[in-house]
Amino acid sequence: MGRNMKEQNPELINKRIKDAAEALCEDWAGHNRFSGVCMVKCKGHTVFSGAYGFASRAFKIPNKVDTKFDTASITKVFTAAAVLQLVQEKKLKLSDYITQIIDLEGTEISPDVTIEQLLNHTSGIHDDAEEEAGEEYSQLFVTSPNYAIKECRDFLKNFAYKKPNFEPGSDVRYCNCSYVLLGLAIEKITGKGYREYVTENVFRKAGMRNTAFLSMDSINENTAEGYVNLYNEDGEVVGYKKNIYCFPPMGTPDGGAYTTAEDLNLFLSAMQKKILLDDTHAKLLLTPHCPYTREKEWCGIPGLYERNGYAFEFLFLPDGKEPFCIYKDGQNDGVAARFNYYPREDISVTILSNQDCDVWEMTKQIQREIYNTCYSC
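Procedures and definitions
- Residues numbered from 1 in each chain as written.
- Predicted model: local features only at pLDDT ≥ 70, side-chain atom pairs only at ≥ 80, totals over all residues.
- Heavy atoms only, no water.
- Helix = DSSP H or I, 4+ residues; strand = E, 2+ residues; numbered from the N terminus.
- Buried < 20%, exposed > 50% of the residue type's maximum accessible area, 1.4 Å probe, protein only.
- Contact = heavy atoms within 4.5 Å.
- Areas by Shrake-Rupley, 256 points an atom, 1.4 Å probe, with all protein chains shown as cover.
- Axes fitted to C-alpha atoms, helices over the stretch in contact; angles between N-to-C directions.
- Parallel < 35°, antiparallel > 145°, perpendicular 65-115°, else oblique.
- Left-handed = near helix turned anticlockwise from the far one by under 90°.
- Nonpolar A, V, L, I, M, F, W, Y, C, P; charged D, E, K, R; others polar.
- Salt bridge = Lys/Arg side-chain N within 4 Å of Asp/Glu carboxyl O.
- Expected span 1.5 Å × (residues − 1).
- Phe/Tyr/Trp six-rings, centres within 6.5 Å; stacked < 30°, edge-to-face > 60°.
- Lys NZ or Arg CZ within 6 Å of the ring centre and 35° of its normal.
- pLDDT = per-residue confidence, 0-100.
- Core = buried A, V, L, I, M, F, W, Y, C linked by side-chain atoms within 4.5 Å.
- Pairing = 2+ DSSP bridges.

Scanning the protein for helices and strands turns up nine helices and 14 strands. In the protein, which comprises 377 residues, the proportion classed as buried is 54%. Within the protein, counting contacts between residues at least 6 apart in sequence, those at least 24 apart form 66% of the total. When the accessible surface of the protein is totalled, it reaches about 16600 Å², and 48% of it is carbon and sulfur.

Structure, rendered in C-alpha cells:
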C-alpha cells in the first residue's frame, strides 16, 4: 500500500509522516519529559519542526527550533569530513600510520594503526572510558577535573597508555579516542587548532552559521543547557542537575560541537552538493568500509538489521543493495542526539535533546512510519 500511495499522492505521504512525528513529540514531551527539537525534511522541504521543553530550566526559557544543542558524538562526522578533506588534498592518506604523523612515543598505540582504522573503529586502541564494557564517561571526572581537558593532547593521559583491546584491523569496537588522535593529526598537518580548522573548512563552507565549539563557561546565546535526570528509589524522575561536570568543557574531535537541526541538514546537503568534498571523497563518508558486522534486527522487519560497521562514522541499516537508513547519534549525560537520513526517499529526521531522553526509541517510531508509508509494498 505504501508504495502505491507514494506514487499517487506524495502530499499525503508527507502529511502522514508529519502527523506521526508531531503526535510522537507531543506524547513524549507530555509523558516522557522530552526537551529538545525534532525536524523532519522530505526532499529538502521541512514537513515538520517542533521545539519542546526548556533551554534553561532555571529561567523557564523555552527551546526553539533554532536553538543550538550539544550533539555529543555527532561531532565525529565533522572530524571525519575534515580528515577526508586532507586526504583529497593529498596531504594525508588513509593508509598512513598515525604514529608517523604525531609523536606517540612511550604510549601503547600500535605503530600499525592507520588513519582508516581510526575512522572506522577497527584500530583496537583502548578508549578513555570503555562504554561498550559498561564504563561511564562521566566517572572519569570524579577524581580528575574536567576543565583540565581542553585540547586534543590533554586526552592522551586517559587512554594512550592502556593496553589495546585487539590487534589493529582484526575486529571492530567503538572508540571515542580514535577521533582524538585524528584531531591531533589534523593539527599537525594543517598547523591550526582542531576547532579552528573545522570551523573554517567544515562549518563555514557548509553554511552552518549556527554551529560552533562553545565553552560551558562562556556566554552562549540561544543555546540549550544540558540536564541530567535525578531519580528516586522507585525510578521516578524527581529533579535535574546540570551536566557541567560530566565531560570536557568544550567540544573536541570526538564530541561536543553545538549545532541546530537545520545546520545538520546543511552539512548533509553540503556533502551531496560536493561543497565540502568531491564526489569520490563524499562517497567515502557515506559508504560502509568496515569488514565487521554485528547484525541486530531492527523493530521486527525482516531484512533490516543494524550494521555495526562504520562508514567513517555514519552507520547503516541495509535494505538489499542500498542502505535503507544512514545515521549518526550522540549521547552524554544530559545530551541525546540522533540524525537519520533515508537516501532513496530523500528524507531526514533530526532529534536533539538537552535532557536525558530515549531519542533512539523516538526515532524508531518515526522510522517505522517512514518504512510503512514509503518502503513497504
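There is more to say, and it comes next.
With that out of the way, let us pick up the packing of helix 2 (residues 10-31) against helix 9 (residues 359-375). Here helix 2 crosses helix 9 at 160°, and the two axes come no closer than 10 Å. As summarised for this structure, helix 2 and helix 9 are arranged roughly antiparallel, according to the angle between their axes. The way helix 2 lies across helix 9 gives a crossing that is right-handed. Only E361, M362, Q365, I366, E369, I370, T373 and C374 of helix 9 make contact with helix 2, whose side of the interface consists of I13, R16, I17, A20, A21, L24, C25 and W28. Across the contact of helix 2 with helix 9, the residue classes tally to eleven nonpolar, two polar and three charged.

Evaluated as defined, the whole model comprises 13 salt bridges. In this structure, K91 engages E89 in a salt bridge whose closest nitrogen and oxygen atoms are separated by 3.3 Å. Here K91 falls in the exposed class, since its relative accessible area comes to 51%. Across the pair R195 and E151 runs a salt bridge, and its minimum N-O distance is 3.5 Å. Of this pair, R195 sits in helix 6 (residues 194-203) while E151 sits in the loop between helix 4 (115-119) and helix 5 (177-190), and the two are 44 residues apart along the sequence. Judged by relative accessible area, R195 falls into the buried class, the value being 14%.

Over its twelve residues, helix 7 (residues 261-272) runs 17 Å from end to end, which matches the ideal 16 Å to within 8%, given 1.5 Å per residue. Here helix 7 lies mainly inside the structure; nine of its twelve residues are buried. Listed in full, the buried residues belonging to helix 7 are A261, D263, L264, N265, F267, L268, S269, A270 and M271. Looking one or two residues beyond helix 7, the residue adopting positive phi is K274, at roughly 60°.

The subject of this paragraph is the packing of aromatic side chains. Aromatic rings in a pair are described by how distant their centres are and how their planes are angled relative to each other. Under the counting rule described, the total for this entry stands at nine aromatic pairs. Ring geometry for F34 versus Y52: centroids 5.7 Å apart, planes at 45°, classification tilted. Highlighted residues: F34 in the loop between helix 2 and strand 1 (36-42) and Y52 in strand 2 (residues 45-52), separated in sequence by 18 residues. The pair F34 / Y52 is uniform in exposure class, with both members buried. Ring plane angle 65° and centroid distance 5.6 Å describe the contact between Y194 and F213, whose orientation is recorded as edge-to-face. Note that Y194 is positioned in helix 6 and F213 in the loop between helix 6 and strand 6 (227-231), a separation of 19 residues in sequence. With respect to burial, Y194 and F213 carry one shared label: buried. Site record: aromatic cluster; members linked through ring pairs are F78, Y194, F203, F213 and F267. Over the ring of Y240 we find R57, and its NZ or CZ is 3.9 Å from the ring centre. Above the ring of F54, the side-chain terminus of K60 is found at 5.2 Å from the ring centroid.

Here the protein averages 89 in pLDDT, and 89% of its residues register 70 or above. In the predicted structure, residues 1-6 sits below a pLDDT of 50 and forms 20 contacts with residues beyond four places in sequence or in another chain.

Note on placement: T114 falls in the loop between helix 3 (75-88) and helix 4. Residue T114 is classed as buried on the basis of its relative accessible area of 11%. Excluding anything up to four places from it in sequence, T114 contacts L94, S95, D96 and Y97.

So, about the nonpolar core. Residues F78, I98, I115, F159, L181 and F267 are the most contacted members of the largest nonpolar core, which totals 68 residues. Of all the secondary structure elements, the ones that give two or more residues to this core are strand 1, helix 3, helix 4, helix 5, helix 6, helix 7, helix 8 (279-285) and strand 13 (335-342). It is helix 3 that provides the largest number of residues to this core, a total of nine residues. Not counting the four nearest positions on each side in its chain, F78 is found in contact with V198, V202, F203, M208, A257, L264 and F267. L24, C38, F324 and Y375 belong to the second-largest nonpolar core, a separate cluster that totals 31 residues.

Moving on, we get to the pairing of strand 7 (residues 237-242). Side chains on a regular strand alternate between the two faces of the sheet. Where strand 6 meets strand 7, five bridges bridge the pair, whose relative direction is antiparallel. Looking at strand 7, one finds that Y231 is bridged to V237. Hairpin connection from strand 6 to strand 7: five residues lie between these consecutive antiparallel strands, with G235 at a positive phi of about 80°.

Now for the environment of D346. Relative to the helices and strands, D346 is located in the loop between strand 13 and strand 14 (347-353). Residue D346 is classed as partly exposed on the basis of its relative accessible area of 27%. Separated by 303 residues in the primary sequence, D346 and K43 have C-alpha atoms spaced 5.0 Å apart. The contact partners of D346, leaving out residues within four places of it in the chain, are K41, C42, K43, G44, Q272 and Y341.

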